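Descriptive analysis of the structure
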Amino acid sequence: MKIEKDTAVTLRFKVSDAQGKLIEESKEPMVYLHGGYGNTLPKIEEALQGQEAGFQTVLALAPEDAFGLRDEDLMRTIPRSQFPPGVKVGGQLEGQGSDGRKQVFNVAKIKGDTVILDGNHPLAGKALRFTLKVTDVRAASEEEIAHGHVHGEHGHHH
């Protein structure tokens, strides 16, 4: 079966930086609903469109095609007194972005009495290399299409 809109695609992946240093490797296969549902990066969908199980590729993506460019407006400096004891660099907090929507912030730095939060994706601003191997392609169920994501093993659970 070919990868097209409304197929469930199972793949294994590795993500490296532009110099080839490994950032992440899938321990379990990733399954996503193909066809513009926002379940993976658009450039990955574009590269996999029309392919079949067994297809392998390496994609070099510029930051704007991966996790976006860094946005310095997503940096926040907050007094340490506003955090619970034990706040650590690398921790995550949920807050509001400047548009009022829910935003995840990473604790980037703790400097004296201030905590510096970063609302950028940790890989924003980085050119990345994705090594992909398609291991399975199947027709998505009507329920998966209606929900906009894959269900079951390695997919979404309700």
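Keep in mind that this is a model prediction, so the values were computed, not measured.

Thresholds, definitions, all that
- Starting from 1, residues in each chain are numbered consecutively following that chain's sequence as written.
- Given that the model is predicted, a residue must reach a pLDDT of at least 70 before its local features are reported, and side-chain atom pairs must reach 80 or more before they are shown or counted; all residues, however, enter totals for whole chains, interfaces and linings.
- Water and hydrogen atoms were dropped before computing side-chain values, which therefore reflect all heavy atoms in the structure.
- Helix numbers and strand numbers start at the N terminus; a helix is a DSSP run of H or I with at least 4 residues, a strand a run of E with at least 2.
- We call a residue buried when its accessible area falls under 20% of the maximum for its residue type, exposed when it is over 50%, and partly exposed in between, using a 1.4 Å probe and counting protein chains only.
- Residues adjacent in sequence count toward polar contacts only when both atoms are side-chain atoms; beyond that, a polar contact is any pair of N or O atoms within 3.5 Å, and within protein one must be able to donate a hydrogen and the other to accept it.
- Here, nonpolar core refers to any group of buried Ala, Val, Leu, Ile, Met, Phe, Trp, Tyr and Cys residues whose side-chain atoms link them within 4.5 Å.
- We count a salt bridge whenever a side-chain nitrogen from Lys or Arg sits within 4 Å of a carboxyl oxygen from Asp or Glu.
- Note on contacts: a residue pair is in contact if any heavy atoms of the two residues lie within 4.5 Å.
- Paired strands, in this sense, are two strands between which DSSP finds at least two bridges.
- Working convention: axes come from line fits to C-alpha atoms, limited for helices to the stretch in contact. Angles between N-to-C directions cover 0 to 180 degrees.

This paragraph deals with the side chain of D118. Along the chain, the position of D118 falls in strand 8 (residues 114-118). Residue classification places D118 among the buried positions, given a relative accessible area of 11%. In this structure the side chain of D118 is engaged in a polar contact, spanning 2.8 Å, whose partner is the side chain of N120.

Right, let's talk about the nonpolar core for a bit. L11, I44, L48, F130 and L132 are the most contacted members of the largest nonpolar core, which has 18 residues in total. Taken together, the elements giving at least two residues each to this core come down to strand 1 (7-17), helix 1 (42-48), strand 4 (56-61) and strand 9 (128-139). A total of five residues in this core trace back to one element, the largest contributor, which is strand 9. Judged by nonpolar contacts, the second largest core, of six residues, contains F83, V87, F105 and V115.

What follows is about the pattern of salt bridges. Tallying each qualifying case throughout the model produces five salt bridges. Linking E46 and K43 is a salt bridge whose minimum nitrogen-to-oxygen distance equals 4.0 Å. Remark: K43 and E46 occur in helix 1; sequence separation between them is three residues, near one turn of the helix. Among the ionic pairs, E144 bridges to R138, the shortest N-O distance being 2.9 Å. Taking relative accessible area as the criterion, E144 reaches 4% and is therefore assigned buried. Look at R138 and you get partly exposed, because its relative accessible area is 31%. Counted as one network, the salt bridges with shared partners bring together R70, E72 and D118.

So, on to the environment of N39. Mapping N39 onto the fold places it in the loop between strand 3 (30-33) and helix 1. Residue N39 is classed as partly exposed on the basis of its relative accessible area of 29%. As for N39 and H149, which are separated by 110 residues in sequence, their C-alpha atoms are 7.1 Å apart. Not counting chain neighbours up to four residues away, the residues in contact with N39 comprise M30, Y32, L33, G148 and H149. Here the side chain of N39 touches L33 through a polar contact of 3.5 Å, landing on its backbone oxygen. At a separation of 2.9 Å, a polar atom in the side chain of N39 contacts the main-chain carbonyl oxygen of G148.

Attention shifts here to the sheet that holds strand 8. Pairing within the open sheet is antiparallel, and its four strands lie in the order 5-8-7-6. Lying at the two open borders of the sheet, with one neighbouring strand each, are strand 5 (75-79) and strand 6 (92-96). Neighbour-to-neighbour, the strand axes of the sheet open up by a mean angle of 40°, direction not taken into account. Summarising the sheet, strand 5 and strand 8 pair through five bridges and their orientation is antiparallel. Note on strand 8: the bridge partner recorded for M75 is D118.

Here the focus is the pairing of strand 2 (residues 22-25). Both strand 1 and strand 2 contribute to a ladder of three bridges, which runs antiparallel. Directly across from V15, in strand 2, lies its bridge partner E24. Linking strand 1 back to strand 2 in an antiparallel pair, the connection comprises four residues, with G20 at a positive phi of about 95°.

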